[in-house]
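Below are the chains, spelled out letter by letter.
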Amino acid sequence: MRLIIYTGKGGTGKTVTSCSTAIKLAEFNHKTIVISSDPAHTLGDAFMMPNIGYEMQEILPNLEVLQIDPVDEMRKQYDTILSYMASMFSAKGIDETLAYEIAMLPGMTQLFSLLKIEELIKQKSFDAIVIDMPASGEALRYLYFPKLVGSIGRKLTGLAGMFGGVARIFQPLSKVPMPSKGVLQSEVDLIERLQYLSEIIRNIDITSIRLVVNPDTFSIENAKRALMSASLFGINVDLAIINKIMPHQTSDQYYANWAEFQKRKVEEARANFYPLPLKEILLHNTELRGLEMLRKNGELIFGNEDPAKIYYRGKAFNFASEENSMRMTVKVPFTEKDDFDLERYGDQLKIKVKNPVGYVVNIVPLPSATLGMKLSKAKLDGDELNILFEKIV
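None of the values given here were measured: they were computed from a predicted structure.

What counts, and at which threshold
- Residues numbered from 1 in each chain as written.
- Predicted model: local features only at pLDDT ≥ 70, side-chain atom pairs only at ≥ 80, totals over all residues.
- Heavy atoms only, no water.
- Core = buried A, V, L, I, M, F, W, Y, C linked by side-chain atoms within 4.5 Å.
- Buried < 20%, exposed > 50% of the residue type's maximum accessible area, 1.4 Å probe, protein only.
- Helix = DSSP H or I, 4+ residues; strand = E, 2+ residues; numbered from the N terminus.
- Contact = heavy atoms within 4.5 Å.
- Pairing = 2+ DSSP bridges.
- Axes fitted to C-alpha atoms, helices over the stretch in contact; angles between N-to-C directions.
- 1 Å grid on protein atoms, 1.4 Å probe; cavity = no way out; pocket = protein on both sides within 12 Å on 5 of 7 lines; lining within 4 Å.
- Points joined across faces, edges and corners; volume = space filled by probe spheres on them.
- Nonpolar A, V, L, I, M, F, W, Y, C, P; charged D, E, K, R; others polar.
- Polar contact = N/O pair within 3.5 Å; in protein donor to acceptor, adjacent residues only side chain to side chain.
- Parallel < 35°, antiparallel > 145°, perpendicular 65-115°, else oblique.
- Salt bridge = Lys/Arg side-chain N within 4 Å of Asp/Glu carboxyl O.

Q: What is the right way to read the nonpolar core from this model?
A: The tendency in soluble globular proteins is for nonpolar side chains to be buried side by side. Core analysis: the largest hydrophobic core is formed by 61 residues, its most contacted members being Leu3, Ile129, Leu211, Phe273 and Ile351. For this core, the leading source of residues is helix H8 (residues 217-233), giving seven residues. Sequence-distant contacts of isoleucine 351, defined by excluding residues within four places in its chain, comprise Val330, Val332, Asp341, Leu342, Val360, Val361, Asn362, Val364 and Leu385. In terms of nonpolar packing, the next biggest core, distinct from the first, is built from 31 residues, Ile23, Val65, Val212 and Ala308 among them.

Q: What's the story with the sheet that holds strand S7 (residues 237-245) in this structure? I'm lost.
A: Reading across the sheet, the eight strands line up as S3-S4-S2-S5-S1-S6-S7-S8 and stay open at both edges, with mixed pairing between neighbours. Only two strands of the sheet have a single neighbouring strand rather than two, namely strand S3 (57-60) and strand S8 (278-282). Recorded for the sheet is a direction-independent mean angle of 25 degrees between the axes of neighbouring strands. As paired strands, S3 and strand S4 (residues 63-67) are joined by three bridges and run antiparallel to one another. Looking at the pairing, glutamine 57 lines up with valine 65 of S4. Sheet contacts for H8: strand S6 (207-213) and S7; angle to S6, the most-contacted strand, approximately 165 degrees.

Q: How do you make sense of the sheet that holds strand S14 (residues 373-381) when you look at a structure like this?
A: Pairing between the strands of a sheet comes from backbone hydrogen bonds, and it takes one of two forms, parallel or antiparallel. With antiparallel pairing, the four strands of this open sheet are ordered in space as S9-S10-S15-S14. If you trace the sheet from one side to the other, it starts and ends with strand S9 (317-321) and S14, each paired once. Recorded for the sheet is a direction-independent mean angle of 20 degrees between the axes of neighbouring strands. Of the pairings in the sheet, the one linking strand S10 (residues 325-331) to strand S15 (residues 384-391) comprises seven bridges and is antiparallel in character. What sits directly across from serine 325, in S15, is glutamate 390.

Q: Honestly, empty space enclosed by the protein in this entry has me stumped. Any pointers?
A: Gaps left between atoms are located by rolling a probe of water-molecule size over the structure's atoms. Going through the model one piece at a time under the given rule, you end up with four cavities of 30 Å³ or more. Of the pockets and cavities examined, the largest cavity occupies roughly 80 Å³. In this structure, the largest cavity is lined by 12 residues; those nearest its centre are Ser37, Ser113, Leu114, Ile131 and Met133. Those elements that place two or more of their residues in the lining of the largest cavity are strand S2 (32-36), helix H5 (108-123) and strand S5 (128-132). Top element by residues in the lining of the largest cavity is H5. It accounts for four residues. A per-class count over the lining of the largest cavity returns seven nonpolar, four polar and one charged.

Q: Which parts of the structure should I look at to understand the side chain of arginine 210?
A: Mapping arginine 210 onto the fold places it in strand S6. Residue classification places arginine 210 among the buried positions, given a relative accessible area of 0%. Within the local environment of arginine 210, its side chain forms a polar contact with the side chain of aspartate 238, the two groups lying 3.0 Å apart. At 2.9 Å, the side chain of arginine 210 and the backbone oxygen of proline 307 are in polar contact. Ignoring anything within four residues of it in the chain, the contact list for arginine 210 reads Arg2, Ile4, Ile5, Tyr6, Thr7, Thr21, Asp238, Leu239, Phe302, Pro307, Lys309 and Tyr311.

Q: How do you make sense of the packing of H8 against helix H9 (residues 253-272) when you look at a structure like this?
A: How two helices pack is summed up by the angle between their axes together with the distance between the axes. Taken N-terminus to C-terminus, the directions of H8 and H9 make an angle of 5 degrees; their axes are 11 Å apart at the nearest point. As far as their axial angle goes, H9 and H8 are roughly parallel. In contact with Thr217, Ile220, Lys224 and Leu227 of H8, H9 contributes Lys265, Glu268, Ala269 and Asn272.

Q: Please clarify how the pattern of salt bridges should be interpreted in this entry.
A: Note that side chains of opposite charge can pair when their charged atoms are close. Counting across every chain of the model gives 17 salt bridges. Between glutamate 299 and lysine 24 there is a salt bridge; the shortest N-O distance is 2.5 Å. Taken together, the residues glutamate 299 in helix H10 (residues 291-302) and lysine 24 in helix H1 (residues 14-27) connect sequence positions 275 residues apart. Take lysine 24: its relative accessible area is 5%, and that puts it in the buried class. A salt bridge links glutamate 119 to lysine 116; the shortest N-O distance between them is 3.2 Å. Taken together, the residues span about one helical turn, with glutamate 119 and lysine 116 both in helix H5 at a distance of three residues. Connected through salt bridges with shared partners, the residues Arg2, Arg210 and Asp238 form a single ionic network.

The analysis is restricted to geometry; functional conclusions fall outside its scope.
Written as structure tokens, this is what we have:
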């Protein structure tokens, strides 16, 4: 079983890359489904099949597609708890419509889209699931949310059962409705599903996140933060794909300038995403839509390789927290011993390391936990740079 999640900035080609991967997986005889929760119905646009909707349908041998409606999934999975939370706010005099808006926790629509994946995994109907994640820098937080909610929710559920009898005595005074057995059971069921989903997402043998970028500063920076977040959350990233690279063979100076700029950005991406494998895909000479174009794109990305392959196991960043400090380990390429320089700018760290032909500069995003810490010391060990941050006293 393989779960492949594509993420990246909007417009980088996540959807077409997801679809191309799914076609290639199906050709390798993997029973595959490609899923999107984008409200813009991007799967239908990519495959040029406007009838793709909220029911699974087979479009090729071994390949099914599904457009998830996040609101509908949330209604089916969360309605009992949502209604109870909204009733609590209403009991305090808040307008019912506003109460439902307040009860809607941030990220819930994406979280319940992911629960559809948990449902499919339990059914064991597919060998591979490919997910086109929404264009959001916060998407990876939703992937880690199950573990957080699972650990906290179990404690809260236990407390609800312990104090439920006492709370019912004071309920007439507080005017806050008590949760019914149905609400409590829905919470237990939800937490168990979230915990199972968390275990799947963090299983390196099942789940891989793949970064999709273009040769430009904004998408590369977005993907670097996603890579850092995935490492922090314990989710394996096994591949980066850089799309829309302009060919160099042109006599037009305008396009030649763009091609030269993109060449530098590709070189920058190789250093920034080290040690991940990086696949480089040229810009197509026409719009990338329809089965044949998507199949051709899959050939350009994977060639004779099976996309189900795990391209990399490990972390580009490692974090170890202690009482008053955090140790961060960064993989750095082509480094000569002790020849490096560090500069910190707020939540970013500039790493300059020497290689046989000069210097490589990498701007690394830092986790929020380091904001109240100072850069204390750093040591180079092979291709790993160990950096210590200590709390400011």
